[in-house]
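Residue-level listing of the chains:
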Amino acid sequence: MIYKEVKESIARRKLFTLFIMIGVMIFLTTVTILIQSYINIMQKEALIDSFEGLNVYQISDTLLEDDDFQSYLNEPNSLERVKSLYEYLEDDINEKFIYNFEQPIEMSTDIDDIEEEFLQGYEEGNPLPPAEDEDGDLYYSLKAVQLNEQAFEMFPVNLSEGTSFTAEDFHHANNPGVIPILLGADYADTYQIGDTLHVNYLFEEFHLEVQGFVESDSFVTSPQLPETYLDRYIIMPAQEFEDPSDNTEEEFQQRHYFQMINGAIYSSEERNVVEEEIESAKAAADFPHFELMGYSTTVLGDFFDAVEENIYWVLCLSIVLLIACSLSISTLMIKKIHDNYRNMMIHLISGGTMKSLFQYFLAEVFITVGIPGAFITFLFMTVLQDLPPLYVLVMAASVVGMILLAVIPIYIQFRRLTISMLLKREE
Amino acid sequence: MIEVKDLKKSYPFGKSKIEVLKGVNLAVEKGDMIAIMGRSGSGKSTLLNILAGLDQPDSGIYLYEESRITDKRMDELANFRKKNIGFILQNYPLIDSKNVAENVGLPLRYSKKSNKQRETEVTQVLDTLGINYLKHRWVDMLSGGEAQRVAIARALVQHPDLILADEPTGSLDEETEKDILDLCKRLNHQGKTIILVTHDQHVAAVCHKVYYIQGGTVVDK
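- Under an unreviewed UniProt entry, chain B has the name Putative ABC transport system ATP-binding protein and belongs to Salsuginibacillus halophilus.
- What UniProt records for chain B under Sequence similarities (unreviewed entry) is the sentence "Belongs to the ABC transporter superfamily."

- Under an unreviewed UniProt entry, chain A has the name MacB-like protein and belongs to Salsuginibacillus halophilus.

Have a look at this one:
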């Protein structure tokens, strides 16, 4: 009986009901966005905490001109001095020295064996074309990121499978020519733990040995790139090397170390304190071609401030939509009550009660909110598969909240409406 | 069958109250056909609504078959209406989103009759009134006379002993009015007790007794 009455009532004002249902769907979509944003923030909370109150100071060598660079390399002990500087930054400086650098790795492979999404430039819609060596072999540039030990400890790079980097993995000593790597989650279908990738890194051949896969959606941050998601990346430890055995290796190490000293210092100290630390490092390593470039609050902090600001606005929008939808439903229902005195009378003389009439209106609100609620929840559960089970609970609470807000004015209207009033109005 | 003693009813009007019924006394025997007349706003419909168990008086006693109706709760009143009362509202109101069969069968829905029972009983009452051909027609396709017959069919479908009709021939042409009154007389001859509220002397003339409501009380004429 209730179903039939509700069906007839909805059919009488189809368009308005449709309008409300669309409103409910928009509201629940904004709630979903809110939940997603909160999940995003919560997942990165540990990272935000570790950056809390820190300024980031970008540091760089000053040998920007090729002549200057070559001139330095011709100086005695040039490699030892730059290595010494790196070791000082890694071990002796009182601040966090973070080296997080994107450097593509070239791998000789058949393109059919590798997904295009792993190629450098894929996200920009412009994957790098392969380079060809003198033997005619094609080398594809794969996205890779290097992290020094402090960076690896600072970023929440958790593994879904395999073993993480140990302190030893940041020193290229035990297994020459082999570098342990972790792979992004999207590589899980392509490689397995123990597989070896034959690559060219800074014009030197290496074997990269897969020892684990990082969890999906893991990311690292740098002043240049607030968020680098690792799903499609090779993650390499920024390794320190023993003394080179020949000129070729020396040249490789020069390139490698000059790359590694261009990191960032994260500190809660003022600039002058950090500058003093840098001066000490320069003096200790006898490497004067080095400076503090500038500083800012942590980029990630700014990024999340912006995200939180967005969440605030989405929350405001949700509240406005909740109120607007609830008011629309109440208004429609109260209008229906006023338009239906005659029909309500017919129900009353046919054996109905005010309670049964209220139940019809209540059921209509349930259907008007419940159907789009169930549809949107099911839709997002299907499309966004990583939603937590709590999502259903939050959506259900939102739907119940909207129903309650909509029903209260209708209930008050019914409380005021006695049969006598109904009869007098009908007359 | 019906005994009403010192019935009073008032309605709020702004901050004050208007006393519509000021101590109505009335007795109706089984098989009676009576008319209640009076000016607009005299309380005719209010009295009828109280007799139907739709409204409760402020004070006084209403006995139906010696059962005290004035003490009943709302759900008990709904049951009382379902079992005993057939109510015909003025201006032959029907629910326009339902067809004739659905309108007539509505009281049977509240009595939780099955689809089959409803179908049978609706057909039976429509046959009795000679309007079975209207069964599947939508309400907005009916003439005034047809709509009033359908409203009467709805009032009769539960086989009530008491028919209450509020201006049953209002807005009808003379010929249709006569048909409806003939129908009322026929129902009365079949044993139904009928109370009509009307301000039309022609309608009152077909009844056994006529009562007037004046100054909030019932006057026998």
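Moving on from the coordinates now.
1. Some points on the overall build of chain A
- The number of helices and strands found in chain A is 13 helices and 18 strands.
- On C-alpha atoms alone, chain A measures out to a radius of gyration of 32 Å, which is more than a quarter above the 22 Å that the 2.2 N^0.38 rule sets for 427 residues.
- Projected onto the principal axes, the alpha-carbon positions of chain A cover approximately 110 × 55 × 35 Å.
- Classification of the 427 residues of chain A by burial places 48% in the buried group.

2. Examining helix α5 (residues 78-92) of chain A
- Helix length check: α5 of chain A (15 residues) gives 20 Å between terminal C-alpha atoms against 21 Å at 1.5 Å per residue, within 8%.
- Of the residues making up α5 of chain A, those classed as buried are Ser 78, Leu 79, Arg 81, Val 82, Lys 83, Leu 85, Tyr 86, Tyr 88, Leu 89 and Glu 90 of chain A.

3. Details of the nonpolar core
- Membership of the largest hydrophobic core comes to 75 residues, with the highest contact counts inside it found for Ile 2, Leu 47 and Ile 195 of chain B.
- Grouped together as the second largest cluster of nonpolar side chains are 53 residues, Ile 93, Ile 181, Phe 241 and Leu 292 of chain A included.

4. A word on the environment of Phe 51 of chain A
Residue and element names in this part refer to chain A.
- Looking at where Phe 51 falls in the secondary structure, it is placed in helix α3 (residues 45-51).
- Using a relative accessible area of 3% as the deciding quantity, one classes Phe 51 as buried.
- Considering only alpha carbons, one finds Phe 51 and Ser 267, 216 residues apart in sequence, at a separation of 9.1 Å.

5. Quick notes on the UniProt feature "transmembrane region" (unreviewed entry) in chain A
Residues and elements named next belong to chain A.
- Under the UniProt annotation, the feature "transmembrane region" (unreviewed entry) is placed at residues 15-39, 311-334, 360-384 and 390-412.
- Helix makes up 100% of residues 15-39 and strand 0%. Its end C-alpha atoms lie 36 Å apart.
- Secondary structure over residues 390-412 splits into 100% helix and 0% strand, and the C-alpha atoms at its two ends are 33 Å apart.

6. Some points on unusual backbone geometry
Residue and element names in this part refer to chain B.
- One non-glycine residue, Asp 6, adopts positive backbone phi at about 50 degrees.
- For Asp 6, the location among the structural elements is in strand β1 (residues 2-13).
- With a phi angle near 50 degrees, Glu 65 is a residue other than glycine that sits in the positive phi range.
- Looking at where Glu 65 falls in the secondary structure, it is placed in the loop between β4 (59-64) and β5 (67-68).

7. As for the interface of chain A and chain B
- On the chain B side, the residues contacting the 23 residues of chain A number 27 residues.
- Roughly 2400 Å² of surface becomes buried between chain A and chain B when both sides are summed, with 60% attributable to carbon and sulfur atoms.
- Linking chain A with chain B are zero salt bridges, by the criterion used here.
- In terms of residue count, the dominant contributor to the side of chain A that touches chain B is helix α10 (residues 341-349) of chain A (seven residues).
- Broken down by class, the residue content of the side of chain A that touches chain B amounts to eight nonpolar, eight polar and seven charged.

8. Considerations on the sheet that holds β1 of chain B
Residue and element names in this part refer to chain B.
- Overall, antiparallel pairing links the four strands, which are arranged β2-β1-β4-β5 in an open sheet. One side of each edge strand has no neighbouring strand; the edge strands of this open sheet are β2 (16-28) and β5.
- Most of the contacts of helix α1 (residues 44-51) go to β1, to which it runs at about 120 degrees, and overall it touches β1, β2 and β4.

9. Section: the sheet that holds strand β3 (residues 33-37) of chain B
All names here are of chain B.
- In spatial order, the strands read β6-β7-β8-β3-β9-β10; together these six strands make up an open sheet with mixed pairing. With one partner strand each, in any of the chains shown, β6 (85-88) and β10 (217-220) form the two edges of the open sheet. Neighbouring strand axes in the sheet, compared pairwise and without regard to direction, differ in orientation by 20 degrees on average.
- Of the strands in this sheet, β6 and β7 (162-166) touch helix α2 (residues 74-84), which is tilted by about 85 degrees from β6.

10. Some points on the domain arrangement of chain A
- Split by domain assignment, chain A resolves into domain 1 (2-45 + 304-426) and domain 2 (54-296).
- One C-alpha centre belongs to domain 1 of chain A, the other to domain 2 of chain A; they are set 54 Å apart.

11. Considering the packing of helix α3 (residues 100-110) of chain B against helix α4 (residues 115-128) of chain B
Residues and elements named next belong to chain B.
- Contact geometry for α3 and α4: axes closest at 9 Å, N-to-C directions at 120 degrees. When the interaxial angle is binned, α3 and α4 end up oblique. Read as a crossing pair, α3 and α4 show a hand that is right-handed. For the pair α3 and α4, the contacting residues are Val 100, Ala 101, Val 104, Gly 105, Leu 108 and Arg 109 in the first and Arg 118, Glu 121, Val 122, Val 125 and Leu 126 in the second.
- Residue classes in the contact of α3 with α4 are distributed as seven nonpolar, one polar and three charged.

12. Concerning the packing of aromatic side chains
All names here are of chain A.
- Under the defined criterion, the tally for this structure stands at 24 aromatic pairs over all chains.
- Taking the centre distance of 5.9 Å and the plane angle of 75 degrees together, the rings of Tyr 86 and Tyr 257 count as edge-to-face. Of this pair, Tyr 86 sits in helix α5 while Tyr 257 sits in helix α7 (residues 247-260), and the two are 171 residues apart along the sequence.
- What makes Tyr 86 buried here is its relative accessible area of 0%.
- A relative accessible area of 0% means that Tyr 257 is categorised as buried.
- For the pair Tyr 312 and Trp 313, a centre-to-centre distance of 5.2 Å together with 75 degrees between the ring planes defines the contact as edge-to-face.
- Judged by relative accessible area, which is 53%, Trp 313 ranks as exposed.
- Feature note: the residues Phe 69, Tyr 72, Phe 258, Phe 287 and Phe 290 constitute an aromatic cluster, connected by ring pairs.

13. What to know about the pattern of salt bridges
All names here are of chain B.
- For the structure on display, the rule yields 21 salt bridges over all chains.
- Between Asp 32 and Lys 209 there is a salt bridge; the shortest N-O distance is 3.5 Å. Residue Asp 32 is found in the loop between β2 and β3, and its partner Lys 209 is found in strand β9 (residues 209-214); the two are separated by 177 residues along the sequence.
- For Asp 182, the salt bridge goes to Lys 185, with nearest N and O atoms at 3.8 Å. Here Lys 185 and Asp 182 lie together in helix α6 (residues 174-189), a separation of three residues that amounts to about one turn.

The rules behind each value
Numbering of residues begins from 1 in every chain and follows the order in which that chain's sequence is written. Key to labels: chains lettered from A, ligands numbered from 1, both in the order written. Local features in this predicted model are restricted to residues of pLDDT 70 or higher, and side-chain atom pairs are both shown and tallied only at a pLDDT of 80 or more, whereas totals for entire chains, interfaces and linings draw on every residue. As a convention, hydrogens and water are excluded, and side-chain values are obtained from all of the structure's heavy atoms. UniProt positions are given in the numbering used here, feature names are shortened, and annotations may be inferred rather than shown by experiment. Only DSSP runs of H or I covering at least 4 residues are called helices, and only runs of E covering at least 2 are called strands; the numbering of each starts at the N terminus. Just to be clear, the radius of gyration here is over C-alpha atoms, and the globule rule we use is 2.2 Å times residues to the power 0.38. Per-residue accessibility, obtained with a 1.4 Å probe over protein chains only, is compared with the maximum for each type, and a residue is labelled buried under 20%, exposed over 50%, and partly exposed between these values. Each residue after the first adds 1.5 Å to the expected span of a helix. Among buried residues, those of type Ala, Val, Leu, Ile, Met, Phe, Trp, Tyr and Cys that are joined through side-chain atoms within 4.5 Å constitute a nonpolar core. Contacts are residue-level and defined by heavy atoms, with any inter-residue pair within 4.5 Å sufficient. Here the quantity called buried area is the accessible surface, traced with a 1.4 Å probe, that two parts lose on coming together, added over both. One side-chain nitrogen of Lys or Arg within 4 Å of one carboxyl oxygen of Asp or Glu is enough to make a salt bridge. Under the scheme applied here, ten amino acids are nonpolar (Ala, Val, Leu, Ile, Met, Phe, Trp, Tyr, Cys and Pro), four are charged (Asp, Glu, Lys and Arg), and all others, including Gly, are polar. Should DSSP find at least two bridges between two strands, the strands are taken to pair. In this description, a line fitted to the C-alpha atoms serves as the axis of each element, helices being fitted only across the stretch in contact, and the angle between N-to-C directions of two axes falls anywhere from 0 to 180 degrees. What marks off one domain from the next here is an automatic or database domain assignment. Any angle that falls under 35 degrees is termed roughly parallel, while one over 145 is termed roughly antiparallel, one within 65 to 115 roughly perpendicular, and all others oblique. Note on convention: the crossing is left-handed when the near helix lies turned anticlockwise from the far helix by less than a right angle, right-handed when the turn is clockwise. Between 30 and 60 degrees the pair is tilted, below 30 it is stacked and above 60 it is edge-to-face, where a pair is any two Phe, Tyr or Trp rings, Trp via its six-membered ring, whose centres lie within 6.5 Å.

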